[in-house]
Amino acid sequence: MRTVLTIAALTLQEGSRRRVLRSLAVLTAVLLGLSAWGFSEIAADYGGLTSGEAKVAGSTVLNLVMFGFSLIAALGTAFLAGPTLSGEVESGVALAMMTRPIRRVQVLAGKWLGLVAFGAGFVTVAGVAQFVIVRVTVDYWPPHPVTGLLLLAGQTAALLTLGLLFSTAISPMASGIVAVGLFGATWIAGVVGSVGDALGNPSVAMVGTVSRMLLPTDGLWRGAMNSFQDPALLAQVGSGVEESPFLSMQPLTWVYLVWAAVWTALVLGLAALSFQRRDL
Amino acid sequence: MGQVIDSPAVWASNLRKRYKRRTAVDGVSFTVGRGEVLGLLGPNGAGKTSVIKMMLGLVRPDAGEVMLLGRPNTDPRSRQRVGYLPELFRYQPWLSADEVLRLHVRLAGVKVSGEDRRETLALVGLADRAGDRVGGFSKGMQQRLGLAVALVAGPDLVVLDEPTSALDPLGRADVRDLLLSLKDRGVAVLLNSHLIGEVERVCDRVMILDHGRVAASGTLAELLGRRSLRLHLTHVTPEAAALLEPCEREGDRYTIALPDDVPALVAGLVKLGVGVHAVEPARVSLEERLLDILREHP
Ligand SMILES: Nc1ncnc2c1ncn2[C@@H]1O[C@H](COP(=O)(O)OP(=O)(O)OP(=O)(O)O)[C@@H](O)[C@H]1O
Ligand SMILES: [Mg+2]
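In this text the structure is predicted, and so the values were computed from the model without any measurement.

Draft legend 1. Structural view of the overall build of chain A. Helices and strands together make up the secondary structure of chain A, namely 11 helices and 0 strands. Reading chain A from its N end, one meets helices and strands in the order α-α-α-α-α-α-α-α-α-α-α. When burial is assessed residue by residue, chain A has 51% of its 280 residues classed as buried. Taking all contacts inside chain A whose residues are at least 6 apart in sequence as the whole, residues at least 24 apart take part in 81%. Total accessible area on chain A is roughly 11,800 Å²; 72% of this is exposed by carbon and sulfur atoms.

Draft legend 2. A look at the interface of chain A and chain B. With 29 residues of chain A at the interface, the matching set in chain B holds 33 residues. Overall, the association of chain A and chain B removes approximately 2,800 Å² of surface from exposure, summing both partners, and the carbon and sulfur fraction of that is 58%. The residue Arg-17 of chain A makes a salt bridge to Glu-99 of chain B at a minimum N-O spacing of 2.9 Å. In this assembly, chain A and chain B are joined by 13 residue pairs in polar contact (both at pLDDT 80 or more).

Draft legend 3. The sheet that holds strand 2 (residues 22-32) of chain B, seen in detail. Residue and element names in this part refer to chain B. Within the open sheet, the 4 strands sit side by side as 2-1-4-5. Their pairing is antiparallel. Only two strands of the sheet have a single partner each, and these edge strands are strand 2 and strand 5 (71-72). Pairing of strand 1 (residues 10-19) with strand 4 (residues 63-68), which is carried by 5 bridges, proceeds in the antiparallel orientation. By the bridge assignment, Arg-16 is partnered in strand 4 with Ala-63. Helix-sheet contacts for helix 2 (residues 48-55) involve strand 1, strand 2 and strand 4, and the interaxial angle to strand 2 is about 65°.

Draft legend 4. Structural detail: the coordination of the magnesium ion (ligand 2). All names here are of chain B. Distances from the magnesium ion (ligand 2) to its protein donors, Thr-49 (OG1) and Glu-87 (OE), fall at 1.9 to 2.4 Å. Highlighted residues: Thr-49 in helix 2 and Glu-87 in the loop between strand 6 (82-85) and helix 3 (97-108), separated in sequence by 38 residues. For Thr-49, a relative accessible area of 16% puts it in the buried group. According to the relative accessible area criterion, Glu-87 is partly exposed, its value standing at 36%.

Draft legend 5. Main features of the environment of Ile-42 of chain A. In this fold, Ile-42 of chain A is placed in helix 2 (residues 19-46). Taking the C-alpha atoms as reference points, Ile-42 of chain A and Phe-183 of chain A, 141 residues apart in sequence, are found 30 Å from one another.

Draft legend 6. Just the domain arrangement of chain B, in detail. Residue and element names in this part refer to chain B. Segmentation of chain B into domains returns domain 1 (10-223) and domain 2 (227-296). The distance between the C-alpha centroids of domain 1 and domain 2 comes to 40 Å. The interface is formed by 14 residues belonging to domain 1 together with 8 residues belonging to domain 2. Interface area, domain 1 with domain 2, both sides summed: about 870 Å², of which 78% is carbon and sulfur.

Draft legend 7. The side chain of Ser-211 of chain A, seen in detail. All names here are of chain A. By the element assignment, Ser-211 lies in helix 8 (residues 202-214). By relative accessible area, Ser-211 is classed as buried at 10%. Not counting residues up to four positions away in its chain, the partners in contact with Ser-211 are Thr-186, Ala-189 and Gly-190.

Draft legend 8. Just the site of ligand 1, in detail. Residues and elements named next belong to chain B. Lining the immediate environment of ligand 1, one finds 14 residues, of which Lys-48, Thr-49, Ser-50, Glu-87 and His-194 sit closest. Gly-45 is positioned with one of its backbone polar atoms (N or O) 2.8 Å from an oxygen atom of ligand 1. Contacts to ligand 1 include Gly-47, whose backbone N or O atom sits 2.9 Å from an oxygen atom. In isolation ligand 1 exposes 640 Å². Once the protein is present, 64% of that is buried. Elements with a contribution of two residues or more to the shell around ligand 1: strand 2 and helix 2. If you tally residues by element for the shell around ligand 1, the top one is helix 2, at 3 residues. Among the residues forming the shell around ligand 1, the class breakdown is 4 nonpolar, 6 polar and 4 charged.

Draft legend 9. Looking closely at the sheet that holds strand 12 (residues 247-250) of chain B. All names here are of chain B. Strands sit in the order 12-13-11-14 across an open sheet of 4 strands; the sheet is antiparallel. Unpaired on one side and paired on the other, strand 12 and strand 14 (275-283) mark the two borders of the sheet. Averaged over all pairs of adjacent strands, the angle between strand axes in this sheet comes to 20°, irrespective of strand direction. Pairing between strand 11 (residues 227-234) and strand 13 (residues 253-257): 5 bridges, direction antiparallel. Paired with His-232 across the two strands is Arg-253, which belongs to strand 13.

Draft legend 10. Layout of the confidence of the model for chain A. Residue and element names in this part refer to chain A. Of all residues in chain A, 89% have pLDDT values of 70 or greater, and the mean over the chain is 82. Between the elements of chain A, mean pLDDT differs from a low of 59, seen in helix 10 (residues 232-237), to a high of 92, seen in helix 4 (residues 93-98). Under a pLDDT of 50 for its full length, residues 239-243 has, in the predicted model, 9 contacts with residues more than four places off or in other chains.

Draft legend 11. Seen up close, helix 5 (residues 104-138) of chain A. The terminal C-alpha atoms of helix 5 of chain A, which comprises 35 residues, lie 50 Å apart, in line with the 51 Å expected from a rise of 1.5 Å per residue. Looking one or two residues beyond helix 5 of chain A, the residue adopting positive phi is Asp-139 of chain A, at roughly 55°.

Each value, and the rule that gives it
- Residues numbered from 1 in each chain as written.
- Chains lettered and ligands numbered in written order.
- Predicted model: local features only at pLDDT ≥ 70, side-chain atom pairs only at ≥ 80, totals over all residues.
- Heavy atoms only, no water.
- Helix = DSSP H or I, 4+ residues; strand = E, 2+ residues; numbered from the N terminus.
- Buried < 20%, exposed > 50% of the residue type's maximum accessible area, 1.4 Å probe, protein only.
- Contact = heavy atoms within 4.5 Å.
- Areas by Shrake-Rupley, 256 points an atom, 1.4 Å probe, with all protein chains shown as cover.
- Buried area = accessible area lost by both parts, 1.4 Å probe.
- Salt bridge = Lys/Arg side-chain N within 4 Å of Asp/Glu carboxyl O.
- Polar contact = N/O pair within 3.5 Å; in protein donor to acceptor, adjacent residues only side chain to side chain.
- Pairing = 2+ DSSP bridges.
- Axes fitted to C-alpha atoms, helices over the stretch in contact; angles between N-to-C directions.
- Donors = N, O, S within 2.8 Å, 3.2 Å for Na, K, Ca; no water.
- Domains from an automatic or database assignment.
- Near = heavy atom within 4 Å.
- Nonpolar A, V, L, I, M, F, W, Y, C, P; charged D, E, K, R; others polar.
- pLDDT = per-residue confidence, 0-100.
- Expected span 1.5 Å × (residues − 1).

What follows is the structure, given as structure tokens:
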């Protein structure tokens, strides 16, 4: 366990000393600034939060901005996850380290833990900052902020686990690109699925359901959106909103959450197997 | 516990490795005794680095077994007291030299004071760069840091894969002294090097690999045991030349395997009218021996 924590701390240190953290900070600041501007415009146009439309606008824009953050978190960790494992194997940094009395599984677990902490920390800081902005500008506070942030962190963890699995087998850049590509693909499949739902076309809706099972990032993201938006929204808006990619009508089921956890554990286990067999 | 101490530093049996269709290592067995210095020689691509990597568990062998310091190498604890300098030496560029050592000490699970870490860095000539980021180090400095990493946790076995490939002449001399001091302290060393002088100076035993097989191995005395005789001769007639066969000739200098009766040979040469200017015993150098062995082994 001490080895795992040592490696996790090393991974966090790598994240903070490489330029990743600074570029993340800049991106986040830009997004926060833009959203603060946008929300103050909404506030000016609707003049307070009495109207239901303002709630829809506020929820949608909040979700949109949070999607931006989840994208940044996903991109950032996926591109950290690749180099940190296969980059070290390629450069030779792994050689001296792996000949210490440690197991490869411990190294993998440590890296995973460090990356998850990194992603969760980012999501929390950026998310809370965003909530404060929404509160100040349009006086809106999401109903389940903690659940939402946990789900976002879970989404980040799922994606970076996939990135780690790829990076045990393919090159650092490729693993980052493939992970992010799949993330985007499931998101689009999710949108397609909700269009199918709206049109009452079950086979199109199936696309979203299946892709959400194969890679749970989109499902978790939908759950997170659901906990950020106003519950009164459902009643007010009625049908026609379902196809919006930035509003989610159903909260997550426990079964799906368990599946997401099992999925992540499976992928991590596969990564451990693949890393164990790899020639350094 | 006693059995653990008595066991050799390295015991490797019948190691094999194929990469795709190319056989890199083909049935290599060897031991390194406690406190012994074994030199690993051989041409490029002979499989030296592959053998070392399989030994340390970095590469999975297709067949064969390894024991390190009394434990099978599948057990991570077998590497508790092993130091390794890889052929490709790279360390976390975002850490300082001292932080790299601290990381390795922690992973090794031992306690080493800051004072001792500084001393190890001083030993490899990096005392004044302890706080600098490794990313800014020159190649030779990174190799020196690699030596420090291999030595910092108080190892009983040190594995060095071409430890002087990036070092300046002074650094090479330092490494030679370092190896001799390890030998004095009873630390076992596996040294892979293309610098034969280095190997000849410090190694107790030598193993020569070629095409993934052990072409020869033994103590220096065993390998170089074939003594020879060097003669400086003029007016060598064909009959006299026949007396000298087989020989190596460079101008007037002839080198032959040491005959049983040197005076009889000299008398025979003189009788044939050969001018004998000098007769001296010689020993083949490790380099000549290595080249001989590699030529015999197509
Ligand atoms: N990762 C790899 N993939 C494919 N082939 C490899 C790999 N590593 C080594 N080989 C092959 O194995 C053989 C032995 O390589 P190895 O690195 O062990 O040689 P070496 O004796 O250390 O050579 P050198 O003196 O050049 O360092 C070579 O033919 C090489 O091409
Ligand atoms: Mg080599």
